[in-house]
Amino acid sequence: MAIDRTGELTVFVRAVEAGGFSAAAPSLELTPSAISKIVTRLEDRLGVRLLNRTTRSLSLTAEGEAFFARAQRILAEIDEAEREVGRARHVPQGALRMQVSVALGLHQLPPVLPEFFARYPQIELALAVTDRMVDIVEQGYDIAVRVGELTDSSLVARRICDLHRVICAAPSYLAARGTPQRPEDLLGHNCLRLYEQPELSHWPFDDPAAPGGVRRIQVRGNFSANNAETMLRMATAGLGIIRLMDLTVGPRLQRGDLVALLTEHHHVEPVSLHALMPSGKHRLPKVAAMVEFLIEKFADAPWRRPGAETKGD
C-alpha cells in the first residue's frame, strides 16, 4: 500500500511507542516486514539512522530521539486539527437568512435576539421583516416563520405555538365612546379592519343558539388598512376597536396602551405559528439552533403573560 510522508511518521511513531515492529503491526494493520521497510525508507530519505534494531527489540538513536519527539508533536497537532474541523461541522455558524412577519420582527424578536447572538456568536443573521408571502426556496431563505394553514408540503415545518386574536381598544377610545358589554354593542362602535382580508370583518362569538355554536357579527368603521401594524397604531391612538393577533397587540395590552374587550364572549379560533424550512436545511446546525431558540422563547406565547391575559381566537 502507498504510504505518504504523514503515513511514514505515523508508522515510525507507533513502532517506537509499541516497542517493536511486531507489537505495532496489529494497530497499523501492516506486517512487521512492511513496517520495517517503511522505516528504512524514511531513514534513507532523511539520510540518518533513527533506530537501532536487534532481533528482540529496537531503540532510538540520538537523531531518532529528536525526530521522534518532533514527529509525535506533529501527529498530535494533525489529530487536533481534524477534531477541530469535525467539531466545527456541528457548531452553529455562518450566514442565516430568515423571513418573519412584521408583528414578530417588530414586537417579539428584538428583546430576545441579543441572547441568541450571545449563545451563537458565529451566526450572522439576515432578517427580512415582511407580511408578504415569499417563495423561501426561490429566494434562498433558510427559515420562514409563518402564521396560518400550511400549504407547501415540500417544506419542513416545526410548530412554535398557537396564536389568538384579541378584540381591544385604547382607554382613550373607551372613555369617549364607552365600553361594549355585549357583542351586539360593536354595531355602534368604530371598528377598524384589514381591507385585504374582508372575512376578518366578521368577528366570531360563542352562542349556543347559533349554528355550530358560533355567531359572527359584521363590524364596520371609518378606517381600514392593509397591514396589522397600521391598525395597531391607529387603535392605540384612540381611533377605534381592533381584532388582531395577540402576537401583535400583546405588548400594548401588557403596558396598558390597549384594553381587551368581550373576553367572555369572543370565540377561540387558534391559528398556528410555524417555522418553515426547505428540505435538507433543517439539518444544518445554524438552522436547528434558531428554530429551537424560537420554540424556547415563544412556545408559551409570552405576549399572553400577566398584563395581557385574554381569551381570544
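Since the model is a prediction, treat every value here as computed from it, not as a measurement.

Section: the sheet that holds strand β7 (residues 165–169)
For step 1, the next point in the chain: The antiparallel open sheet is built from three strands, whose spatial order is β12-β7-β13. If you trace the sheet from one side to the other, it starts and ends with β12 (242–245) and β13 (259–260), each paired once.
For step 2, the next point in the chain: Bridge count for β7 against β12 is four bridges, and the pairing is antiparallel. Looking at β12, one finds that Val-166 is bridged to Leu-244.
For step 3, the next point in the chain: Packed onto the sheet, helix α9 (residues 246–255) meets β7, β12 and β13 and runs at close to 110 degrees relative to β12.

A short note on a nonpolar patch on the surface
For step 1, the next point in the chain: Taken together, Leu-106, Leu-127 and Val-129 make up a surface patch of nonpolar side chains, about 210 Å² in accessible area.
For step 2, the next point in the chain: Accessibility expressed as a relative area gives 44% for Leu-106, which makes it partly exposed.

What about the environment of Leu-60?
For step 1, the next point in the chain: When you line up the elements, Leu-60 lands in strand β2 (residues 58–60).
For step 2, the next point in the chain: When the C-alpha atoms of Leu-60 and Val-16 are compared, they prove to be 7.9 Å apart, with 44 residues separating the residues in sequence.
For step 3, the next point in the chain: Apart from residues lying up to four places away in sequence, Leu-60 is in contact with Phe-12, Val-16, Leu-50, Leu-51, Asn-52, Glu-65 and Phe-68.

Digging into the environment of Gln-218
For step 1, the next point in the chain: Within the element layout of this structure, Gln-218 appears in strand β10 (residues 214–218).
For step 2, the next point in the chain: Taking the relative accessible area as the measure of exposure, Gln-218 reaches 37% and is therefore partly exposed.
For step 3, the next point in the chain: In sequence terms Gln-218 and Leu-187 are 31 residues apart; their C-alpha atoms lie 8.0 Å from each other.
For step 4, the next point in the chain: Excluding anything up to four places from it in sequence, Gln-218 contacts Leu-187, Ser-201 and His-202.

What counts, and where the lines are drawn
Residues numbered from 1 in each chain as written. Predicted model: local features only at pLDDT ≥ 70, side-chain atom pairs only at ≥ 80, totals over all residues. Heavy atoms only, no water. Pairing = 2+ DSSP bridges. Helix = DSSP H or I, 4+ residues; strand = E, 2+ residues; numbered from the N terminus. Contact = heavy atoms within 4.5 Å. Axes fitted to C-alpha atoms, helices over the stretch in contact; angles between N-to-C directions. Patch = residues over 30% accessible without salt bridge, like charges linked within 9 Å, V, L, I, M, F, W, Y side chains within 5 Å. Areas by Shrake-Rupley, 256 points an atom, 1.4 Å probe, with all protein chains shown as cover. Salt bridge = Lys/Arg side-chain N within 4 Å of Asp/Glu carboxyl O. Buried < 20%, exposed > 50% of the residue type's maximum accessible area, 1.4 Å probe, protein only.

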